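The lines below spell out each chain.
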2 protein chains.
Amino acid sequence: MALALEGIRVVEVTTMAAGPMAARLLADWGADVIHVEHPGTGDPWRTWLKKPDGSLFDNEVNYHYWENHNRNKRSITIDIAHDKGREILYKLIERADVFLTNRRPYELKRFKLEYETLRQMNPKLIYGSVTGFGRNGPDSDAPGHDTVAFWARSGFVYLLQQHGAPPPSPGYRTVAAGDNVSGLALACGVLLALFVRDRTGLGQEIDVSLLHTGIFALVPVAMALSTIDKSFVSTAEYEKFIRRERDEVSPLFVSYETKDGRWLQLSLAPPDPYWSGFCKALGKQDLEGDPRFSTLEARIQNQSALFQILEDVFRTKTLVEWRSRLNDTGMLWSPIQSPKEVVADPQARANDVFVRFDHPSFGRLEVVSNPIKLSKTPATIRMPAPEFGQHTEEVLLELGYTWEEIGQFKQEGIVA
Amino acid sequence: MALALEGIRVVEVTTMAAGPMAARLLADWGADVIHVEHPGTGDPWRTWLKKPDGSLFDNEVNYHYWENHNRNKRSITIDIAHDKGREILYKLIERADVFLTNRRPYELKRFKLEYETLRQMNPKLIYGSVTGFGRNGPDSDAPGHDTVAFWARSGFVYLLQQHGAPPPSPGYRTVAAGDNVSGLALACGVLLALFVRDRTGLGQEIDVSLLHTGIFALVPVAMALSTIDKSFVSTAEYEKFIRRERDEVSPLFVSYETKDGRWLQLSLAPPDPYWSGFCKALGKQDLEGDPRFSTLEARIQNQSALFQILEDVFRTKTLVEWRSRLNDTGMLWSPIQSPKEVVADPQARANDVFVRFDHPSFGRLEVVSNPIKLSKTPATIRMPAPEFGQHTEEVLLELGYTWEEIGQFKQEGIVA
């Protein structure tokens, strides 16, 4: 089967997560992606995860980080702060279709990698940039991890914070999730620009930020722009409304703890089609016709009472017992699964969310597959994530450098 | 300036959030998108948000929901369960480039809208589907809101739950955020397929699920596939590690409460470049050379002590006071912003995250802009979200139906 992006050449000057994920998606679909790393430090993502004592895990393959973001790519080391290094990079960019970076504006200026510079040498180039906070404004040059830019500043953390508890901790718990989503947005922009270029011949620039992508996802931010807040007496009242607690909303739309200390999430909305089956699943058929709860309006009026009943009922059985009862009655629900459970989930397995491939050094590995499935030009795994600088010589030879020149570059520390 | 998707025709049989967001992104870039709604009920997203008492808000424009997901589109009502209605839909699909749906597999079968059927009438059609749980497996036909499919089942909620508190509540607090991200993934797939079609003539099918997109974002799920857990004695120990609490990780990478009850998020990683400036920002220069904290190794050894010091220090000043101190020293941090603060954020404003447009009925409105910015073929807002069935006659006339036939369809309830 053909590869969707066969023949498309991508050069990325990126580190860590958002830029590399954009490039990895393109690589999954067949693009020839060259990840440019610093000859001294490499991409810090290679060794990011540490044990609580600061030491590295002794796992054979760092595939939760490096492998996850860099499969199907080649790695070349170049010191882009050095004029000769930049010359090599420019040669790569001259023959590339796409250049990707998550360097900040002041760095791009310093390294002479701004769009205006690169388009001179390759007018059809598609230039994709992802930053923390966008390329304009007071914080355009500020460093922006997804923790702060995608999660905290966008409104996500505020909305997910439970009353009386500290905010949730996206930094170390859902590490890079905001980067991955923003990388998806950048990949989407690149594909749009490739489509336009084939039709018009135009190269252009794509600008994505973690902050904007986070805000895009959040309907409550769109709400905050609207006139809806006029319905509230005060900002405090409005903010209380959008952060309502579990016992202040529909009891059919929240999470409950089970007998074995697990949690399950209900999403019975709109509720009427579910009400009868739900009472049956609970073994509480008496609730169905109870005038306090038998209609939507009655349930809204008596939602505190219903919430209390449901909290008590769910604590009488284990998650396993609830699973069959809720599934048998066709409820819209899910157990709140840990990552270990997710990777064993038969539904995820049935949809090839996890795929195996043979790693040349480490044998058979399993990774998360590309979430966008095309029937005729699907994503594939053709190569593992590269070793540090694994393709330096190969790529330099492709660019026409001689072995003598390559040796000289190494001596000068321009490549490793 | 040209529109990126000028001339691309999209037909969507969708409701609510994920499917409509995929189509809205395409519409932002210039595609002619026709949203097919049921002539009786319409898309329930039009009236989704209700007050705590169940009544509708009396705001003039439901733009946090309907407008956000449906700008730049046309609306036509068709009863697709009716043979004559399906004939109209088939005519639309025959001349379309893209068909989008978030109907479940059994519904697509019932309505004769499976890919195998539609490709007969339009071999070059790009067929994009988004489901809760994927199109195979035991739960393929189950309803799947983002609450359960993107958030709870993927591992997100588990990872964001704080010790001693109930799980965070994506259902009503970050409503549709998982849908929006999954819609972005589907739009990305459509653009890839459009690019392939222009080069090869191939139409094809795209399959995206909320579950898979959620898992894609979560590095800890990729971790759970790896051999890393061999470093832990037990699953419980491993799960404790990935859900470490605030006081169990680097004190430079967590959130702190301020004097005025606000929270701020630090992300000083890698920490060494920040340590000196951070001590200065705190007004605690004595910490910098304190042997307990002066090196990375020492800080790891004494992280509980450092955490306690920082908790106490941050409670001595307000968020406003911390803002200037942390900004002046170049720290990687963010206030944990509420939606109201987000829409006033000067950085978001400087990057046109919010755009104004003139609504024909309601005057000047402000909405969240498309997060993927192309320099030469940018997203635009050309039309407000359509009224229910606003373009029914217009589209039927384009398809060649006469006014007499349209009147007949209305009498039979096939269109509204």
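Residues numbered from 1 in each chain as written. Chains lettered and ligands numbered in written order. Predicted model: local features only at pLDDT ≥ 70, side-chain atom pairs only at ≥ 80, totals over all residues. Heavy atoms only, no water.

K.L.:
Looking at this model, I keep getting lost on the interface of chain A and chain B. Mind explaining?
P.N.:
Reports of interface size often rely on the accessible area that becomes lost once the parts have come together. Taken together, the 159 residues of chain A in the interface contact 158 residues of chain B. Of the roughly 14000 Å² buried between chain A and chain B on both sides combined, carbon and sulfur atoms contribute 67%. Contact with chain B buries area across many residues of chain A, yet Tyr-172, Arg-173 and Phe-216 of chain A alone supply 7% of it, more than any other trio. Along the contact surface separating chain A from chain B lie 6 salt bridges. Notably, a salt bridge pairs Arg-199 of chain A with Asp-198 of chain B, separated by 2.7 Å at the nearest N-O pair. Viewed at the interface, chain B and chain A are joined by 61 residue pairs in polar contact (both at pLDDT 80 or more). If you tally residues by element for the side of chain A that touches chain B, the top one is helix α9 (residues 177–200) of chain A, at 17 residues. (Contact = heavy atoms within 4.5 Å. Buried area = accessible area lost by both parts, 1.4 Å probe. Salt bridge = Lys/Arg side-chain N within 4 Å of Asp/Glu carboxyl O. Polar contact = N/O pair within 3.5 Å; in protein donor to acceptor, adjacent residues only side chain to side chain. Helix = DSSP H or I, 4+ residues; strand = E, 2+ residues; numbered from the N terminus.)

K.L.:
Would you take a moment to explain the pairing of strand β5 (residues 126–131) of chain A for this structure?
P.N.:
The side chains of a regular strand alternate, first on one face of the sheet and then on the other. Residues and elements named next belong to chain A. Burial analysis of β5 places 6 of its 6 residues in the buried class, the great majority of the element. Burial of β5 is two-sided: the residues Ile-126, Gly-128 and Val-130 facing one way and the residues Tyr-127, Ser-129 and Thr-131 facing the other way are all buried. As paired elements, strand β4 (residues 98–101) and β5 share 4 bridges and run parallel to each other. Looking across to β5, one finds that Leu-100 is bridged to Gly-128. Note that β5 and strand β6 (residues 205–209) share 5 bridges and pair parallel. Within β6, the position partnered with Ser-129 by the bridge is Asp-207. (Buried < 20%, exposed > 50% of the residue type's maximum accessible area, 1.4 Å probe, protein only. Pairing = 2+ DSSP bridges.)

K.L.:
I tried to follow the packing of aromatic side chains on my own but got confused; where do I start?
P.N.:
The geometry of an aromatic ring pair is captured by the separation of the ring centres together with the interplanar angle, meaning the angle of the planes. Tallying each qualifying case throughout the model produces 26 aromatic pairs over all chains. Residues Trp-151 of chain A and Phe-156 of chain A carry aromatic rings whose centres are separated by 4.9 Å and whose planes lie at 55° to one another, so their mutual orientation is tilted. Of the two residues, Trp-151 of chain A and Phe-156 of chain A, neither departs from the other in class, the shared state being buried. Put simply, the rings of Phe-150, Trp-151 and Phe-156 of chain A together with Phe-150, Trp-151 and Phe-156 of chain B touch in pairs and so form one group of aromatic residues. The ring centre of Trp-275 of chain B lies 4.6 Å from the NZ or CZ of Arg-299 of chain B, which sits over that ring. (Phe/Tyr/Trp six-rings, centres within 6.5 Å; stacked < 30°, edge-to-face > 60°. Lys NZ or Arg CZ within 6 Å of the ring centre and 35° of its normal.)

K.L.:
Before we go on, may I ask you to explain helix α13 (residues 272–282) of chain A in this structure?
P.N.:
In an α-helix, one turn spans 3.6 residues; hence positions three or four apart end up facing the same way. All names here are of chain A. Where α13 is concerned, the buried positions are Tyr-274, Trp-275, Gly-277, Phe-278, Cys-279, Ala-281 and Leu-282. The inward-facing, buried residues of α13 contact β8 (263–266), α14 (285–289), α15 (296–301), α16 (303–314) and α17 (319–328). The positive-phi residue at the C-terminal boundary of α13 is Gly-283, with phi of around 70°.

K.L.:
How do you make sense of the environment of Phe-307 of chain B when you look at a structure like this?
P.N.:
All names here are of chain B. Mapping Phe-307 onto the fold places it in helix α16 (residues 303–314). Each C-alpha atom, one on Phe-307 and one on Tyr-401, is 71 Å from the other, the two residues being 94 residues apart in sequence. Residues contacting Phe-307, with those up to four places away along its chain left out, are Arg-246, Asp-247, Pro-251, Val-254 and Tyr-256.

K.L.:
Just checking my understanding: could you explain the confidence of the model for chain A for this structure?
P.N.:
Should the pLDDT be low somewhere, the predicted coordinates at that spot are not to be read in detail. Across chain A, the average pLDDT comes to 93, with 95% of residues at 70 or higher. Here the complex is predicted with pTM 0.96, and the ipTM for its interfaces comes to 0.96. (pLDDT = per-residue confidence, 0-100.)

K.L.:
Is there a simple way to explain the environment of Pro-335 of chain A in this structure?
P.N.:
Residue and element names in this part refer to chain A. Mapped onto the elements of the fold, Pro-335 is located in strand β9 (residues 333–335). A relative accessible area of 4% places Pro-335 in the buried class. Sequence separation between Pro-335 and Leu-264 is 71 residues, and the spatial gap between their C-alpha atoms is 4.3 Å.

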